[in-house]
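# Coordinates in review
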Amino acid sequence: MALIITDECINCDVCEPECPNRAISQGEEIYEIDPDLCTECVGHYNTPQCVEVCPVSCIVGDPDRVENREQLMEKYQFLTTGVNRAPLG
């Protein structure tokens, strides 16, 4: 699932540079995560780096964008190569 930043965000600026997909940007009031770019760091790291550095634990899973690890890996592959993986079988 993609991640979201809750309104507990204190705009500390530590999450944005940690995102390898550049999915995090400053919104009108708090930082936001683009769900089309968020892979929860699958393909880059073992854990979401933004979650690791957030001092107030305001980055959580988005219940409206549930994705399993395989789907996140496919998104990562598309983002890094521009090519969707061919269907298996």
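The coordinates are above.
Attention here is on the structure that accompanies the text.

Among the structural elements, Gln49 can be located in helix α1 (residues 49-53). On the basis of relative accessible area, Gln49 is assigned to the buried category, the value being 17%. At 2.9 Å, the side chain of Gln49 and the backbone oxygen of Thr47 are in polar contact. Not counting residues within four places of it along the chain, the set of residues in contact with Gln49 comprises Glu18 and Cys41.

A positive phi angle, near 55°, is found at Glu40, a position not held by glycine. Assignment of secondary structure puts Glu40 in the loop between β3 (31-33) and α1. The phi dihedral of Cys41 falls on the positive side, at around 70°, and the residue is not glycine. Here Cys41 lies in the loop between β3 and α1. Assessed through its relative accessible area of 7%, Cys41 is described here as buried.

A few words now on the environment of His44. Structurally, His44 is set in the loop between β3 and α1. Overall, His44 belongs to the partly exposed group, its relative accessible area being 31%. Between the C-alpha atom of His44 and that of Glu28, which follows or precedes it by 16 residues, the distance is 28 Å. If sequence neighbours within four positions are ignored, His44 has contacts with Pro20, Asn21 and Tyr76. A polar contact is formed between the side chain of His44 and the side chain of Asn21, at a distance of 3.0 Å.

Definitions and cut-offs
- Residues numbered from 1 in each chain as written.
- Predicted model: local features only at pLDDT ≥ 70, side-chain atom pairs only at ≥ 80, totals over all residues.
- Heavy atoms only, no water.
- Helix = DSSP H or I, 4+ residues; strand = E, 2+ residues; numbered from the N terminus.
- Buried < 20%, exposed > 50% of the residue type's maximum accessible area, 1.4 Å probe, protein only.
- Polar contact = N/O pair within 3.5 Å; in protein donor to acceptor, adjacent residues only side chain to side chain.
- Contact = heavy atoms within 4.5 Å.

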